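Below are the chains, spelled out letter by letter.
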Amino acid sequence: MNTRGLRSQLKDSVPVTGMGPQVGAYGVQDTLRSGFSSVKNELLPSHALELSEKNFQLNQDKMNFSTLRNIQGLHAPLKLQMEYRAARQIQRLPFLQSSHLALDTLKGNDESISFEDILNDPAQSEMMGEPHIMVEYKLGMM
Amino acid sequence: MSTLSMCQTQLGGFSFENCKRNAVLETEVTKVGCRMPAARKTGTTIVGVVFKDGLVLGADTRATEGMIVADKNCSKIHYISPNIYCCGAGTAADTEMTTQIISSNLELHSLSTGRLPRVATANRMLKQMLFRYQGHIGAALVLGGMDCNGPHLYSIYPHGSTDKLPYVTMGSGSLAAMAVFEDRYKQDMEEEDAKRLVRDAIAAGIFNDLGSGSNIDLCVITKGRVDYLRPHDMANKKGVRTGNYKYKRGTTGVLTKAVTKLDLEVVEETIQTMDTS
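Residues numbered from 1 in each chain as written. Chains lettered and ligands numbered in written order. Predicted model: local features only at pLDDT ≥ 70, side-chain atom pairs only at ≥ 80, totals over all residues. Heavy atoms only, no water.

(A) Local environment of the sheet that holds strand E12 (residues 216-222) of chain B. All names here are of chain B. Spatially, E11-E2-E3-E12-E13 is the arrangement adopted by the 5 strands of the open sheet, whose pairing is antiparallel. What marks the edges here is a single partner per strand, and that holds for strand E11 (167-170) and strand E13 (225-233). Taking the axes of each pair of neighbouring strands and ignoring which way they run, one obtains an average angle of 10 degrees across the sheet. Across 5 bridges, the pairing between strand E2 (residues 46-50) and strand E3 (residues 54-60) is antiparallel. The partner of Val 47 across the bridge, within E3, is Gly 58. (Pairing = 2+ DSSP bridges. Helix = DSSP H or I, 4+ residues; strand = E, 2+ residues; numbered from the N terminus. Axes fitted to C-alpha atoms, helices over the stretch in contact; angles between N-to-C directions.)

(B) How the structure looks around the side chain of Ser 98 of chain A. Here Ser 98 of chain A lies in the loop between helix H6 (75-88) and helix H7 (101-107). Discounting residues that sit within four places of it in the chain, Ser 98 of chain A has contacts with Gln 91 and Arg 92 of chain A. (Contact = heavy atoms within 4.5 Å.)

(C) Here's a closer look at the pairing of E12 of chain B. Residue and element names in this part refer to chain B. The buried count for E12 comes to 7 of 7 residues, which makes it a mostly enclosed element. On E12, burial covers both faces: Ile 216, Leu 218, Val 220 and Thr 222 on one face and Asp 217, Cys 219 and Ile 221 on the other are all buried. Two elements, E3 and E12, share 7 bridges in a ladder whose sense is antiparallel. Across the sheet, residue Gly 58 finds its bridge partner in E12, namely Leu 218. Relative to E13, E12 runs antiparallel, the two being bridged by 6 bridges. (Buried < 20%, exposed > 50% of the residue type's maximum accessible area, 1.4 Å probe, protein only.)

(D) The arrangement of helix H4 (residues 174-184) of chain B in detail. Residues and elements named next belong to chain B. For H4, the complete set of buried residues consists of Ser 174, Ala 177, Val 180 and Phe 181. Looking straight down H4, one finds that the buried residues subtend no more than 130 degrees of arc, so they occupy a single side. Residues of H4 that are exposed and point more than 90 degrees away from the buried face comprise Leu 175, Glu 182 and Asp 183. (Arc of directions from axis to C-beta.)

(E) Representation of the nonpolar core in the model. Residue and element names in this part refer to chain B. In terms of nonpolar packing, the biggest core is built from 22 residues, with Ile 84 and Leu 143 touching the most fellow members. The biggest single contributor to this core is helix H3 (residues 119-132), with 6 residues. Aside from chain neighbours lying at most four places away, what touches Ile 84 is Tyr 79, Leu 106, Pro 117, Arg 118, Val 119, Ala 122, Leu 143, Gly 144 and Gly 145. If you look at the next biggest cluster of nonpolar residues, it comprises 21 residues, including Val 49, Val 180, Ile 202 and Ala 204. (Core = buried A, V, L, I, M, F, W, Y, C linked by side-chain atoms within 4.5 Å.)

(F) A look at the pairing of E2 of chain B. Residue and element names in this part refer to chain B. Of all 5 residues making up E2, 5 are buried, and the element is well covered by its neighbours. Across the two faces of E2 the burial is the same, with Ile 46, Gly 48 and Val 50 and Val 47 and Val 49 all buried. Here E2 folds back onto E3, and the loop between the two strands holds 3 residues. Sheet topology places E2 next to E11; 4 bridges connect them, and they run antiparallel. Bridge pairing in E11 places Ile 46 opposite Met 170.

(G) Structural context of a nonpolar patch on the surface. All names here are of chain A. Together, Val 39, Leu 43 and Leu 44 give the surface a local cluster of nonpolar side chains, amounting to about 350 Å² of exposed area. With respect to the element layout, Val 39 can be found in helix H3 (residues 39-43). On the accessibility criterion, Val 39 (60% relative accessible area) is exposed. (Patch = residues over 30% accessible without salt bridge, like charges linked within 9 Å, V, L, I, M, F, W, Y side chains within 5 Å. Areas by Shrake-Rupley, 256 points an atom, 1.4 Å probe, with all protein chains shown as cover. Salt bridge = Lys/Arg side-chain N within 4 Å of Asp/Glu carboxyl O.)

(H) Layout of the UniProt feature "active site" (unreviewed entry) in chain B. Residue and element names in this part refer to chain B. UniProt marks Thr 44 with the feature "active site" (unreviewed entry), using the numbering shown here. Looking at the element boundaries, Thr 44 is found in the loop between strand E1 (41-42) and E2. When its relative accessible area of 0% is taken as the criterion, Thr 44 is described as buried. Not counting residues within four places of it along the chain, the set of residues in contact with Thr 44 comprises Asp 60, Lys 76, Ala 89, Met 170, Gly 171, Ser 172, Gly 173, Asp 209, Gly 211 and Ser 212. Polar side-chain contacts of Thr 44 include one of 3.0 Å to the side chain of Lys 76. (UniProt positions renumbered as here; feature names shortened; annotations may be inferred. Polar contact = N/O pair within 3.5 Å; in protein donor to acceptor, adjacent residues only side chain to side chain.)

Now the structure itself:
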């Protein structure tokens, strides 16, 4: 859950990049993948919570790792991040639903329920990604 | 969803896709002169008081939708765990979902620790979640329960601040109820006195606030026992019609009568209870 010592960790939280244009391979707007661009859509978030919710998990992790480093030394967050990276690789191909069981157990998400599990469950999503494109995107080939 | 092809997997949780569309719709609708639909609120009186061996939570039972009463007998005291209950004021859906999520989390937590959950745990979970959403979840709660350290009573505001007090009131009728508490609250009351005090405080809210009404629900939590009294007191009973406008039999003359018998057999009989109050 949340840790104390937030004030000393503020400088480590993720900087707000948020809504910038989706640049593709050549530094230009990637129309094929992210649609037409519009300055109004990209400059301002459509809701006050949009940015903070998008980066919530990242910020939490950064804060927790900083505190852990200050308490136990550098080895603790390093070991944990190594385990996270290993668990994140145990997945199915990108267009299929993977359960993320190992990752959830490591992070402690197997013992809590929040809006991520109730609303907009990705397993019930009505749209399916196109298999070839998603795999190529993940492998960086596209 | 508007892209040519989805390259990354969707995440769960809140989706802000329609916010811009809603903002545009709202300006268009106000130009024409109509109003956007309002969320159902529980303009409410909810109270809690700590007495000698436990605590009493009380709530009225009216849910409003703007100027209309949407539910004459809604239940505002929600179950969190066998020893912890929570009254909710504000947007009805928000209080309902928030208390259910916290109840699930507390159950998982108590299964993992193997102990009865504490009220302070529920309080911290609620305040962290409400602060994360910066007050957009409109749930003002009165959380009370009995654990190994005695009775505890917290009031939780929509933005995430909490207070631990011996007596609290929340909702639109909170001022009327607090007036009653400030006058008659004493430390270490007996159970009957506490129940009467809570009943009078809610009645003050019901009779002096438009957003509260109908019946009074009570929940008495002591060590090992929870009394959920619903309804404890029907303060606003609907009146009975004194006149009858039905025509008496024989007012219209009968000319002919033909009876056809239909042969039906009862295949299945089910009873579905409805809340007809």
